[in-house]
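Summary of the model geometry
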Amino acid sequence: MENVALHAKKPTALLRREQELTQGSYYEASVRRPPPEAPLAGRTTADVCVIGAGLAGLSAALELRARGLSVVVLEAQTVGWGASGRNGGQALAGYASDDAVEQQLAPEQARQAWQVTVDALTLLRRRIAEHDIDCDFVDGYLSMAVNARKGEALRAYTEQLERDYGYTMQPIAPQDVCAWIDSERFHSGVYDPQSGHLHPLKYCLGLAGAVRAAGARIYEHSPVVQVQRGVKPVVRTASGEVACDFVVMAGNVYLNEYGKAVAPDVGARIMPVGTYIIATAQMEAERAEALIRQRAAVCDTNFVLDYFRLTADNRLLFGGGVSYSGATPANLREAMRRRMLAVFPQLADLKVPHAWGGFVDITMNRGPDFGRVDGNLYYLQGFSGHGLALTGMAGLLAAEAIAGQAGRFDLLSQLRHRDFPGGAAMRTPALVLGTLYHRLRDLL
């Protein structure tokens, strides 16, 4: 163990920024965590070692246990510490970029891939019911266009979904917008009754409880510093190791932040992107419900988008303003408040006690990146900000593949992904330039 410990890295710049961003999370302030799990110490064995106790890793662990496999889950921080416990809480059908799927798969395969995301919503609801997870789930999602040009594009997209995939959403004409949302920001939109929203950290902690009850072992504060590959992989932390038959790598942007020998061949296809959220003070229920009539989740259709929803205790949770450079915006709370007031100026009197953020993993084409290396190492990444439901399905697909039913996993693993150009040093500046182009298009 002494040699492994020497490879444990000091906190990287990404991890230091992440630690700062976690401090103001409304989600953390509104849950009571169970007592922490002890770190891994010494040597243990399992059929499968899962790296990461976020939604994808916990889902994989739960499904693997249902198939009779022994499972150890290693979490570098605490359950749900990353994007799984700090996201916007919107559970949506589809991918961050449906084009990425349609351009690479045959029409029938694309239909199957779309259905995977619909099945992910069904799986989410089923797990909430089966494991009695209190996570404030609400049905309904509004996709809103800010001008006529974007409204026409949204209408065409909605018609395509119904024509090609049989997925129906309700159009919202310009004259009807006020019946759905009390804002002059939007031109038109669509309503999706199958998608919805929830408290992601409550759901993640509930899923972890189900994993423990199923007999899997979770070790917190156990960052993986090395994966020794082979017929019998060995997954090492600074104070212990797991000998196993299979590994599921679900650490996303943090996978290689603790040790360079974890999965260097996997990390080059994703990059971390900062996203930020605020939560207002509580409102009276009547005031909150007047903002969004059916308490649906809402997202606009801009490339650099805003997303928002009401919480169970009648706050407005408002997110957006992504940072492709990785730098946290100056005066984050006030910057996000200004974005909120551009949509709901009537909330100017409300204080904003919570402001937080974190990093999500994106691919160049915004399609998910699932695959396997060396035959027995599976990776789940590239959710590109669209993963609250899809992470659960990703874990199920990995478990199916390990148990010998790899059909749906192999379908999505067909999606090809390019490394970000220039490696870690150049991928951020290149993406910033590309994002500026799309921001200009949004403004025009």
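In the annotation of an unreviewed UniProt entry, the protein chain is listed under the name FAD-dependent oxidoreductase and assigned to Rugamonas apoptosis.

Let us now look at the pairing of strand 14 (residues 297-300). Burial along strand 14 is two-sided: Ala297 and Cys299 facing one way and Val298 and Asp300 facing the other are all buried. Judged from the four bridges that link them, strand 5 (residues 138-145) and strand 14 form a sheet pairing that is parallel. Bridge pairing links Met144 to Asp300 in strand 14. Judged from the two bridges that link them, strand 14 and strand 15 (residues 306-310) form a sheet pairing that is antiparallel. Counterpart to Val298 in the pairing with strand 15 is Phe308. In sequence, strand 14 turns back onto strand 15 through a hairpin of five residues.

Right, let's talk about the state of the cysteines for a bit. Under the definition given, this model contains zero disulfides. Here Cys49 is not cross-linked by a disulfide; its sulfur's nearest cysteine counterpart is in Cys244, at 5.3 Å. Taking the relative accessible area as the measure of exposure, Cys49 reaches 0% and is therefore buried.

The next point concerns the sheet that holds strand 9 (residues 224-228). Spatially, 1-11-10-9 is the arrangement adopted by the four strands of the open sheet, whose pairing is mixed. The strands lining the two open edges of the sheet, one partner per strand, are strand 1 (42-45) and strand 9. Each adjacent strand pair in this sheet contributes to an overall mean axis angle of 15 degrees, direction not counted. When strand 9 meets strand 10 (residues 234-237), the two strands line up antiparallel, connected through four bridges. Note that in strand 10 the partner of Val224 across the bridge is Thr237.

Calculation notes
Numbering of residues starts from 1 in every chain and runs along the sequence as written. Since the coordinates come from a predicted model, pLDDT governs what is reported: local features require at least 70, and pairs of side-chain atoms require 80 or more to be given and counted, while whole-chain, interface and lining totals use all residues. Excluded from the side-chain calculation are hydrogens and water; included are all heavy atoms of the structure. Partly exposed residues are those whose accessible area sits between 20% and 50% of the maximum for their type, while under 20% is buried and over 50% is exposed, using a 1.4 Å probe and protein chains only. Only DSSP runs of H or I reaching four residues or more are called helices, and only runs of E reaching two or more are called strands; each is numbered from the N terminus. Two strands form a pair only when DSSP identifies at least two bridges running between them. Two cysteine sulfur atoms form a disulfide, by the criterion used here, when they sit within 2.5 Å. Throughout, an axis means a line fitted to C-alpha atoms (over the contacting stretch in the case of helices), and angles, computed between N-to-C directions, take values from 0 to 180 degrees.

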